[in-house]
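Spelled out from the first residue to the last, the chains are:
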Amino acid sequence: MDAIRYSARLAVHAAFFGLVLAGCGVSGPKAGDDGREAAARFLDDLRAGRLDPAWQGTSSEFKSLMGLEGLRDCVKAHPALKGPAEYVEARDAAREGRAMVEHVFRAEGRLRNKAVTSTVKVLVAVGDGKWGVENLRVE
C-alpha cells in the first residue's frame, strides 16, 4: 500500500514539474525573436550607415572591446556589412553563466566590383532589461 501511495505521489510530482517546464518553454521563442530583432536591427543600421543607432544597440562589453572607431573600421573592412543580409539560424550560447544567442546571417557585398558573400555572426544577450549586441564576427 505504501508503495502505491509513493508511486502516486511521484507521478503527481512528475506531472507538476512537467507542466512547469512546459510553461517555461513558452517564453523561449519570444525571447529568441527579440534577440533576432536586435541583431537584424543592428545589421540594418550598419548597412544604412547609421553607426550611432547601431552603437546604442550594443552592450557595454562590446563598447569597451571594440570602440566606435573600431566598429567604423570593421564596417569599412567588410563589404558584406554594407549589403543585404539573409537570416540563417540561431545558436544558443553561454558565457560566464549568461545565456546568449548567436544569430547567423549570410550577407553579400561588393569588393572591386566582385560579389563577396560572408557569414556574419551577431551574438546578443540581455543586459539592462533589453537585448544588446555582445559580439560581431564576419567570416
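Small disclaimer: the values here were computed from a predicted structure and weren't measured.

Novice: Tell me about the overall build of the protein, and name the residues and values.
Specialist: From N to C terminus, the protein includes 3 helices and 4 strands. Scanning the protein from its N terminus toward the C terminus, one meets helices and strands in the order α-α-α-β-β-β-β. Counting only residues that meet the buried cut, the protein has 31% of its 139 residues in that class. A total accessible area of about 8,900 Å² is found for the protein, and carbon and sulfur atoms account for 56% of it.

Novice: Residue-level account of the pairing of strand S4 (residues 130–138), with values.
Specialist: On a regular strand, each side chain points to the face opposite its neighbour's, so the side chains alternate between the two faces of the sheet. For strand S3 (residues 114–127) and S4, the ladder comprises 8 bridges, and the chain directions are antiparallel. When the bridges of S4 are listed, Ala 125 appears paired with Gly 132. From the end of S3 to the start of S4, which pair antiparallel, there are 2 residues, and Asp 128 there has a positive phi angle of about 55°.

Novice: Any details on the sheet that holds S3? Residues and values, ideally.
Specialist: Pairing is antiparallel across the open sheet formed by 4 strands, whose spatial order is S1-S2-S3-S4. Here the strands that pair on one side only, and so sit at the sheet edges, are strand S1 (85–95) and S4. Between one strand axis and the next, the sheet turns by 30° as a mean value, whatever way the strands run. Each of S1 and S4 is contacted by helix H3 (residues 60–77), which is oriented at about 55° to S4, the strand it contacts most.

Novice: Please provide a residue-by-residue account of the nonpolar core, values included.
Specialist: When a protein is soluble and globular, its nonpolar side chains tend to lie buried together. Core analysis: the biggest nonpolar cluster contains 24 residues, and Phe 42, Leu 43, Leu 46, Leu 81, Val 120, Val 122 and Leu 136 have the highest contact counts within it. Counting residues per element, the ones that place at least two in this core are helix H1 (2–47), helix H2 (51–56), H3, strand S2 (98–111), S3 and S4. Residues in contact with Leu 43, not counting those within four places in the same chain, are Leu 81, Ala 85, Phe 105, Val 120, Val 122 and Leu 136.

Novice: Before we move on, can you summarise the environment of Glu 86 with the specific residues and values?
Specialist: Positionally, Glu 86 belongs in strand S1. Beyond its immediate stretch of four places on either side in the chain, Glu 86 contacts Val 104, Phe 105 and Arg 106.

Novice: Give a description of unusual backbone geometry that names residues and reports values.
Specialist: A negative phi holds for most residues other than glycine; trans holds for most peptide bonds. The phi dihedral of Asn 113 is positive, around 65°, even though this residue is not glycine. Residue placement: Asn 113 occurs in the loop between S2 and S3. Phi angles above zero are rare outside glycine, and Asp 128 is one such case at about 55°. Turning to its location among the elements, Asp 128 is positioned in the loop between S3 and S4. Judged by relative accessible area, which is 82%, Asp 128 ranks as exposed.

Rules used throughout
Residues numbered from 1 in each chain as written. Predicted model: local features only at pLDDT ≥ 70, side-chain atom pairs only at ≥ 80, totals over all residues. Heavy atoms only, no water. Helix = DSSP H or I, 4+ residues; strand = E, 2+ residues; numbered from the N terminus. Buried < 20%, exposed > 50% of the residue type's maximum accessible area, 1.4 Å probe, protein only. Areas by Shrake-Rupley, 256 points an atom, 1.4 Å probe, with all protein chains shown as cover. Pairing = 2+ DSSP bridges. Axes fitted to C-alpha atoms, helices over the stretch in contact; angles between N-to-C directions. Contact = heavy atoms within 4.5 Å. Core = buried A, V, L, I, M, F, W, Y, C linked by side-chain atoms within 4.5 Å.

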